[in-house]
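# Fold and contact review
So you can see what is in the structure, the chains are spelled out below.
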Amino acid sequence: MKHYPFILFYLFCNVFIYAFQGTFWVYFFCFLGFTVVLAWGSFDITLGYFVNSITHKRTKIKEVALTFDDGPTEFTPKFLDILKENNVKATFFCIGKQIEKYPKTFQRIIAEGHTIGNHTLSHSNTTGFLSASKMVEEIEKCDEVMLKVGNLKTDLYRPPFGVTNPNIAKAIKKTHKKSIGWNVRSLDTITEDEKKIYRKVTKGLKKGSIILLHDTSEKTYNVLVELLLFLEHEKFSTFTIENIFTTKRTKLLHNAHK
Ligand SMILES: [Zn+2]
C-alpha cells in the first residue's frame, strides 16, 4: 500500500485546521474527504492505490488485449467460435463456480489456446468487505477448481469489480498472484446499448490497451463481432495477458545473454 497520499492528506488537513483554527466542521470535512479518497482508491483499478495492477502493456506496436470476465457461461462457446474464426487469442478471467457449471466450456477455452486468469470462487457482491483470510480462500478455492477441471495453474488474478483494498492486497500477496486490471472499460454490464459499448471501447484504444469485456451476454457478443472488424480495419493485432510476462522474460533472458 502506498502511504504518500495519506501523508499528503494529513499535511493538507493540518494546514486547514490551522487556517480555520480547528473547528468541528473542519475535522468533519477532512474526514469526509478522506473517506471519498479511500473509496475512490478502492474502486478505480487504474489508480493502483492499494494494489499495483497491470493495466496495459508497454509496447511500440499497435496491439491490444481482449479480456473476458465472469465466465464461462452459456454464451462463451459463441465467443470462442468467433475468436477462432478470426484467429484471435484472448484472456478469460473465470469464476470458480461458473467453471463447475460449465466444465466442458472451460476445457475448450484452454484447448483453444486462450489465457486463463483467476476471478475468485464466487465473485461475491461483498468482495470489498471480506477479511484477508476469506479473500485468500476465495482465490485458492478458484485455483483448486481450475486444477481439477482444467489441470491448469495460473498466477493471474483479476479483482471482482476491480475492487482493491488492504485485505485484498494481502490476499494477492499471500497467493502469489499478479493483479490484472484494464485501461479500457466497456461498461458492457451496465449499458444496454450495443453501439454505445462499441464506441466506448474503440474510442479509448491505444497501443497496449487491455480491454475489459464480459462473456456473459448476447449483447457483448455482438459488440465483439464489430470490435474484431474494427481491429482488423485499424490494423491492431492482439496479445494475451500471459504474453506480457513472456515478452518481459524473453527480454530479460536476451539481455542476460548479451
Ligand atoms: Zn467480474
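Residues numbered from 1 in each chain as written. Predicted model: local features only at pLDDT ≥ 70, side-chain atom pairs only at ≥ 80, totals over all residues. Heavy atoms only, no water.

### Some thoughts on the overall build of the protein
For the protein, the helix and strand inventory stands at 10 helices and 8 strands. Over its C-alpha atoms, taken along the principal directions, the protein stretches across nearly 70 × 55 × 40 Å. Expressed as a percentage of its 258 residues, the buried residues of the protein come to 47%. Residue pairs in contact within the protein that sit at least 24 positions apart in sequence constitute 76% of those at least 6 positions apart. Summing over all exposed atoms, the protein offers an accessible surface of approximately 14,500 Å²; the carbon and sulfur share of this is 60%. Once the 36 positive and 25 negative side-chain charges of the protein are each reduced to a mean point, those two points are 8 Å apart. (Helix = DSSP H or I, 4+ residues; strand = E, 2+ residues; numbered from the N terminus. Buried < 20%, exposed > 50% of the residue type's maximum accessible area, 1.4 Å probe, protein only. Contact = heavy atoms within 4.5 Å. Areas by Shrake-Rupley, 256 points an atom, 1.4 Å probe, with all protein chains shown as cover. Lys, Arg positive; Asp, Glu negative; His and termini not counted. Charge placed at Lys NZ, Arg CZ, Asp CG, Glu CD.)

### Here we look at the packing of aromatic side chains
Each aromatic ring pair is characterised by the separation of its centres together with the angle its planes make. All told, the structure shown has 5 aromatic pairs when counted by the stated rule. Here Phe68 and Phe79 contribute two aromatic rings whose centre-to-centre distance is 5.5 Å and whose plane-to-plane angle is 75°, an arrangement assigned as edge-to-face. In this pair, Phe68 sits in strand β1 (residues 63-69) while Phe79 sits in helix α3 (residues 76-85), placing the two residues 11 residues apart along the sequence. By relative accessible area, which is 0% here, Phe68 ends up buried. (Phe/Tyr/Trp six-rings, centres within 6.5 Å; stacked < 30°, edge-to-face > 60°.)

### Some words on a nonpolar patch on the surface
Nonpolar side chains collect at one region of the surface, where Phe24, Trp25, Phe28, Phe29 and Leu32 lie side by side and expose about 560 Å² of accessible area between them. When you line up the elements, Phe24 lands in helix α2 (residues 24-43). A residue is classified by how much of its surface remains accessible, and Phe24, at 56% relative accessible area, is exposed. (Patch = residues over 30% accessible without salt bridge, like charges linked within 9 Å, V, L, I, M, F, W, Y side chains within 5 Å. Salt bridge = Lys/Arg side-chain N within 4 Å of Asp/Glu carboxyl O.)

### Some points on the nonpolar core
With 33 residues, the main nonpolar core has Leu66, Phe68 and Ile211 as its most contacted residues. Residue assignment for this core shows that the elements contributing at least two residues are β1, α3, β2 (91-94), α5 (103-111), α6 (132-150), β7 (210-214) and α9 (218-233). Here this core gets 6 residues from one element, more than from any other, and that element is α9. The residues contacting Ile211, other than those within four sequence positions of it, are Val64, Ala65, Leu66, Thr67, Val184, Val201, Leu205 and Leu227. Core analysis: the next-biggest nonpolar cluster, separate from the first, contains 13 residues, Ala65, Trp182, Ile210 and Ile241 among them. (Core = buried A, V, L, I, M, F, W, Y, C linked by side-chain atoms within 4.5 Å.)

### Quick look at the packing of helix α8 (residues 194-203) against α9
Relative orientation of the contacting elements α8 and α9 amounts to 45°, with a least axis distance of 9 Å. Classed by the angle they form, the pair α8 and α9 counts as oblique. α9 is crossed by α8, and the crossing has right-handed handedness. Here Glu194, Ile197, Tyr198, Val201 and Thr202 of α8 come into contact with α9, specifically with Lys219, Asn222, Val223, Glu226, Leu227 and Phe230. (Axes fitted to C-alpha atoms, helices over the stretch in contact; angles between N-to-C directions. Parallel < 35°, antiparallel > 145°, perpendicular 65-115°, else oblique. Left-handed = near helix turned anticlockwise from the far one by under 90°.)

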